[in-house]
Amino acid sequence: MIEAPDFLPLGSVVSLKGNPKTLMIVGRGVVLAPEQEKEYYDYGLVLYPEGLVGDAALFAQHEQIETVHYEGYVDEANDAWMHQ
(Lines give C-alpha, C1' and ligand atoms only; values in the text may rest on other atoms or scores of the structure.)
Protein backbone atom coordinates (compact mmCIF):
# COMPACT_ATOMS: atom_id res chain seq x y z
CA MET A 1 0.00 0.00 0.00
CA ILE A 2 1.15 3.54 -0.71
CA GLU A 3 1.69 5.48 2.51
CA ALA A 4 -0.31 8.61 3.21
CA PRO A 5 0.32 10.81 6.21
CA ASP A 6 -2.27 10.71 8.97
CA PHE A 7 -5.24 9.01 7.31
CA LEU A 8 -8.49 10.21 8.84
CA PRO A 9 -10.73 7.48 10.28
CA LEU A 10 -13.68 6.06 8.37
CA GLY A 11 -16.83 8.01 9.09
CA SER A 12 -14.99 11.34 9.28
CA VAL A 13 -16.97 14.23 7.85
CA VAL A 14 -14.99 16.72 5.77
CA SER A 15 -15.15 19.50 3.19
CA LEU A 16 -12.79 19.63 0.22
CA LYS A 17 -11.12 22.74 -1.14
CA GLY A 18 -13.32 24.29 -3.82
CA ASN A 19 -16.28 21.98 -3.10
CA PRO A 20 -19.24 23.35 -1.11
CA LYS A 21 -20.63 19.88 -0.30
CA THR A 22 -20.00 18.10 3.00
CA LEU A 23 -18.64 14.56 2.53
CA MET A 24 -18.09 11.43 4.63
CA ILE A 25 -15.03 9.20 4.27
CA VAL A 26 -16.02 5.61 3.45
CA GLY A 27 -12.75 4.28 2.05
CA ARG A 28 -9.00 4.79 2.50
CA GLY A 29 -6.17 3.85 0.19
CA VAL A 30 -8.47 3.47 -2.81
CA VAL A 31 -7.03 2.14 -6.07
CA LEU A 32 -9.09 2.52 -9.21
CA ALA A 33 -7.94 0.32 -12.05
CA PRO A 34 -8.93 1.73 -15.41
CA GLU A 35 -7.68 -0.26 -18.38
CA GLN A 36 -4.67 1.98 -19.05
CA GLU A 37 -3.27 3.02 -15.67
CA LYS A 38 -4.13 2.58 -11.99
CA GLU A 39 -5.19 5.66 -10.06
CA TYR A 40 -4.51 5.96 -6.32
CA TYR A 41 -6.58 8.10 -3.96
CA ASP A 42 -6.21 8.56 -0.23
CA TYR A 43 -9.99 8.64 0.30
CA GLY A 44 -13.29 7.47 -1.13
CA LEU A 45 -16.13 9.78 -0.07
CA VAL A 46 -19.90 10.03 -0.29
CA LEU A 47 -22.25 12.95 0.20
CA TYR A 48 -23.18 13.76 3.78
CA PRO A 49 -25.90 13.39 5.03
CA GLU A 50 -27.27 11.68 1.91
CA GLY A 51 -24.74 8.83 1.76
CA LEU A 52 -24.14 6.89 -1.45
CA VAL A 53 -26.62 8.06 -4.09
CA GLY A 54 -26.40 5.84 -7.18
CA ASP A 55 -22.72 5.61 -8.04
CA ALA A 56 -21.87 9.16 -6.86
CA ALA A 57 -18.71 8.33 -4.91
CA LEU A 58 -15.94 10.91 -4.98
CA PHE A 59 -12.22 10.33 -4.62
CA ALA A 60 -9.67 12.74 -3.15
CA GLN A 61 -6.17 13.13 -1.79
CA HIS A 62 -5.44 14.07 1.82
CA GLU A 63 -4.15 17.52 0.85
CA GLN A 64 -7.50 18.37 -0.79
CA ILE A 65 -9.26 18.35 2.59
CA GLU A 66 -10.00 21.89 3.71
CA THR A 67 -12.06 21.29 6.88
CA VAL A 68 -12.53 18.29 9.17
CA HIS A 69 -16.00 18.69 10.71
CA TYR A 70 -15.93 15.37 12.61
CA GLU A 71 -13.35 12.60 13.10
CA GLY A 72 -14.70 9.06 12.89
CA TYR A 73 -14.43 6.22 15.40
CA VAL A 74 -10.95 4.88 16.23
CA ASP A 75 -10.11 1.64 18.03
CA GLU A 76 -7.35 -0.99 18.10
CA ALA A 77 -8.41 -2.42 14.72
CA ASN A 78 -8.06 1.01 13.12
CA ASP A 79 -4.65 1.50 14.75
CA ALA A 80 -3.49 -1.90 13.46
CA TRP A 81 -4.62 -1.02 9.94
CA MET A 82 -2.81 2.31 10.11
CA HIS A 83 0.46 0.61 11.10
CA GLN A 84 0.43 -2.37 8.73
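What comes next is a walk through the structure. Not measured: the values here are computed from a predicted model.

## A look at the overall build of the protein chain
Now for step 1: The secondary structure content of the protein chain amounts to 1 helix and 5 strands.
Now for step 2: The order of helices and strands in the protein chain, counted from the N terminus, is β-β-β-β-β-α.
Now for step 3: Computed over the C-alpha atoms, the radius of gyration of the protein chain is 13 Å, within 12% of the 12 Å expected from 2.2 N^0.38 for a compact globule of 84 residues.
Now for step 4: In terms of overall dimensions, the protein chain has C-alpha extents of about 35 × 35 × 25 Å along its principal axes.

## Notes on the environment of valine 26
Now for step 1: Tracing the backbone through its elements, the reader meets valine 26 in strand S2 (residues 22–32).
Now for step 2: Residue classification places valine 26 among the partly exposed residues on the basis of a relative accessible area of 46%.
Now for step 3: When the C-alpha atoms of valine 26 and aspartate 75 are compared, they prove to be 16 Å apart, with 49 residues separating the residues in sequence.
Now for step 4: Each residue touching valine 26, except ones within four places of it in the same chain, is listed here: Leu10, Gly44, Leu45 and Val46.

## A closer look at the pairing of S2
Now for step 1: One ladder, built from 3 bridges, connects strand S1 (residues 13–16) with S2; its direction is antiparallel. When the bridges of S2 are listed, valine 14 appears paired with leucine 23.
Now for step 2: Joining the antiparallel neighbours S1 and S2 is a turn of 5 residues, in which glycine 18 adopts a positive phi near 75 degrees.
Now for step 3: In terms of strand pairing, S2 meets strand S3 (residues 39–47) through 8 bridges, oriented antiparallel. What sits directly across from arginine 28, in S3, is tyrosine 43.
Now for step 4: The hairpin formed by S2 and S3 contains 6 residues between the paired strands.

## Describing the side chain of serine 15
Now for step 1: Mapped onto the fold, serine 15 is located in strand S1.
Now for step 2: We classify serine 15 as buried; its relative accessible area is 10%.
Now for step 3: There is a polar contact of 2.6 Å between the side chain of serine 15 and the side chain of histidine 69.
Now for step 4: Apart from residues no more than four positions distant in its own chain, serine 15 is found in contact with Lys21, Thr22, Gln64, Ile65, Glu66, Thr67 and His69.

## With respect to the environment of alanine 57
Now for step 1: Of note, alanine 57 is situated in the loop between S3 and strand S4 (58–60).
Now for step 2: Overall, the relative accessible area of 32% leaves alanine 57 in the partly exposed class.

## Notes on the nonpolar core
Now for step 1: One finds Phe7, Leu8, Val14, Leu16, Leu23, Ile25, Tyr40, Tyr43, Leu45, Leu47, Ala60 and Ile65 forming the largest nonpolar core, which totals 12 residues.
Now for step 2: Contributing elements (two or more residues each) for this core: S1, S2 and S3.
Now for step 3: In terms of residue count, S3 provides more of this core than any other element does, 4 residues in total.
Now for step 4: Non-local contacts of leucine 8, meaning those with residues more than four positions away in its chain, are made with Val14, Ile25, Arg28, Tyr43, His62, Ile65, Val68 and Glu71.

About the thresholds
- Residues numbered from 1 in each chain as written.
- Predicted model: local features only at pLDDT ≥ 70, side-chain atom pairs only at ≥ 80, totals over all residues.
- Heavy atoms only, no water.
- Helix = DSSP H or I, 4+ residues; strand = E, 2+ residues; numbered from the N terminus.
- Rg over C-alpha atoms; globule rule 2.2 N^0.38 Å.
- Buried < 20%, exposed > 50% of the residue type's maximum accessible area, 1.4 Å probe, protein only.
- Contact = heavy atoms within 4.5 Å.
- Pairing = 2+ DSSP bridges.
- Polar contact = N/O pair within 3.5 Å; in protein donor to acceptor, adjacent residues only side chain to side chain.
- Core = buried A, V, L, I, M, F, W, Y, C linked by side-chain atoms within 4.5 Å.

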